[in-house]
Amino acid sequence: MGAVGVGLVDCHCHLSAPDFDHDLDDVLKKAKEANVMALVVVAEHSGEFEKIMQLSQRIWM
């Protein structure tokens, strides 16, 4: 079995909210730098589903 990386999981964030439209790339960069390995983006309403799906397709390495 290979080594498993140690990191954090943000289990509840609202990155699809309009508050993050202007600095989402910076927020994601800072999360990576803080060793966040995964994000669970939640919606407040169904109008955010498409935006969350687009976020899920971004490369997170």
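Please refer to the structure higher up on the page.
This text gives an overview of the structure that appears in the document. Values in this document were obtained by computation on a predicted structure and should not be read as measured data.

The backbone of N35 sits at a positive phi, close to 70°, despite the residue not being glycine. Note on placement: N35 falls in the loop between helix 1 (24–33) and strand 2 (36–41). The class for N35 is partly exposed, based on a relative accessible area of 35%.

Turning our eyes to something else, we now look at helix 1. Of all the positions in helix 1, only L24, L28 and A31 are classed as buried. Buried residues of helix 1, seen end-on, are gathered within an arc of 60° and therefore sit on one face of the element. Projecting away from the buried face of helix 1 at angles above 90 degrees are the exposed residues D25, K30 and E33. Looking at the buried positions of helix 1, the neighbouring elements they touch are strand 2 and helix 2 (49–56). Looking at the residues trailing helix 1, positive phi occurs at N35, about 70°.

Quick look at the side chain of S16 now. Turning to its location among the elements, S16 is positioned in the loop between strand 1 (8–13) and helix 1. Setting aside chain neighbours within four positions, we find S16 in contact with V41, V42, E48, K51, I52 and L55.

The next subject is the pattern of salt bridges. Summed over the entire model, instances satisfying the criterion amount to four salt bridges. K51 is the partner of D21 in a salt bridge, and the nearest nitrogen-oxygen pair spans 2.4 Å. Of this pair, D21 sits in the loop between strand 1 and helix 1 while K51 sits in helix 2, placing them 30 residues apart in sequence. Residue classification places K51 among the partly exposed positions, given a relative accessible area of 28%.

Conventions used here
Residues numbered from 1 in each chain as written. Predicted model: local features only at pLDDT ≥ 70, side-chain atom pairs only at ≥ 80, totals over all residues. Heavy atoms only, no water. Helix = DSSP H or I, 4+ residues; strand = E, 2+ residues; numbered from the N terminus. Buried < 20%, exposed > 50% of the residue type's maximum accessible area, 1.4 Å probe, protein only. Arc of directions from axis to C-beta. Contact = heavy atoms within 4.5 Å. Salt bridge = Lys/Arg side-chain N within 4 Å of Asp/Glu carboxyl O.

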